[in-house]
Amino acid sequence: MTTPLIELHEVTRRYDEGPPALNDVSLSIAPGEAVAILGPSGSGKSTLLNLVAGLDRPSAGTVTVDGVRVDQLGEAASAKYRRARIGLVFQFFNLLDDLTVADNVMLPAQLAGMSRGTAERRATELLGRLGVDRHAAAYPGRLSGGERQRVAVARALMNKPALLLADEPTGALDTASGEDVMRLLTELHADGQTVVLVTHDLVLAERCATRTVQLLDGRVATDTALEVLR
Ligand SMILES: Nc1ncnc2c1ncn2[C@@H]1O[C@H](COP(=O)(O)OP(=O)(O)O)[C@@H](O)[C@H]1O
Ligand SMILES: [Mg+2]
């Protein structure tokens, strides 16, 4: 058995009010998997993703990613962990509007100490691979939603993350752009990228994931390996 890339052990996340957002979840994800986290609104999907990203801490249990005990990281170490190992993609792109597309994509690398020259070369390569290189000098506001999400994916891949996390990446896109972004995630997975994707679109999930994990009221309701024909 390969060492898991992600290991959640008996993880609970409780808020002051209401039932736990996550309730005793244990989950193990191997390198190279493409896992879709499904479930109705409020079932704990974003909570799970945020815990893996080190953006939130569990009330109980342990979160280990790529050998790092993410639940034990302080704020600075957590930011460093994300820069080095995690690529994050959100529903609303979270691009900086007053930086060009190329500068947005280069930002994580520069924060990690990569030289500008090296960062420029890698950004150019990624923007080309994602089919948005002609927009490198434009500002994000000029781009369509689908193009912005491609730029956000390029930015997420800049530091060659062990893990790509995406929370409803197609949630703000029209159907065609959404399918486009899903195809992109499928290609990245085919190239060996480990992907964890939160979505409530079962059809898209089944198209690009090798496994679906369904959450219900903060618990894992189903965990299904898919037969993927590629
Ligand atoms: N900061 C918070 N304070 C209190 N409750 C929260 C907070 N964030 C999330 N929750 C609650 O935790 C549950 C799971 O939320 P979330 O993980 O965002 O669900 P999903 O992403 O599946 O829609 C929900 O009931 C939500 O209201
Ligand atoms: Mg959510």
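Preceding this paragraph is the structure being described.
Summary of the structure given here. (Residues numbered from 1 in each chain as written. Chains lettered and ligands numbered in written order. Predicted model: local features only at pLDDT ≥ 70, side-chain atom pairs only at ≥ 80, totals over all residues. Heavy atoms only, no water.)

A few words on the environment of L95. Mapped onto the elements, L95 comes out in the loop between β6 (86-89) and α3 (101-111). You can call L95 buried: its relative accessible area is 13%. Apart from residues lying up to four places away in sequence, L95 is in contact with N104, P140, R148, V151, A152 and R155. (Helix = DSSP H or I, 4+ residues; strand = E, 2+ residues; numbered from the N terminus. Buried < 20%, exposed > 50% of the residue type's maximum accessible area, 1.4 Å probe, protein only. Contact = heavy atoms within 4.5 Å.)

Residues in contact with ligand 1, as listed here, are Y15, A21, P40, S41, G42, S43, G44, K45, S46 and T47. In this structure, an oxygen atom belonging to ligand 1 sits 3.1 Å away from a main-chain N or O atom of G44. A distance of 2.8 Å separates an oxygen atom of ligand 1 from a polar atom in the side chain of K45. (Near = heavy atom within 4 Å. Polar contact = N/O pair within 3.5 Å; in protein donor to acceptor, adjacent residues only side chain to side chain.)

Between side chains of opposite charge, a pair can form as their charged atoms come close. Applying the stated criterion across every chain yields a total of 13 salt bridges. For the salt bridge of D56 with R13, the shortest nitrogen-to-oxygen distance reads 3.0 Å. In this pair, D56 is assigned in the loop between α1 (45-52) and β4 (60-65) and R13 in strand β1 (residues 6-13), connecting sequence segments 43 residues apart. For the pair D56 and R13, one class covers both residues: buried. The partner of D71 in a salt bridge is R69, with the nearest N and O atoms 2.9 Å apart. Of the residues examined, R69 reaches a relative accessible area of 31% and is grouped as partly exposed. Among the ionic contacts, a cluster of salt bridges with common partners joins E33, R211 and D223. (Salt bridge = Lys/Arg side-chain N within 4 Å of Asp/Glu carboxyl O.)

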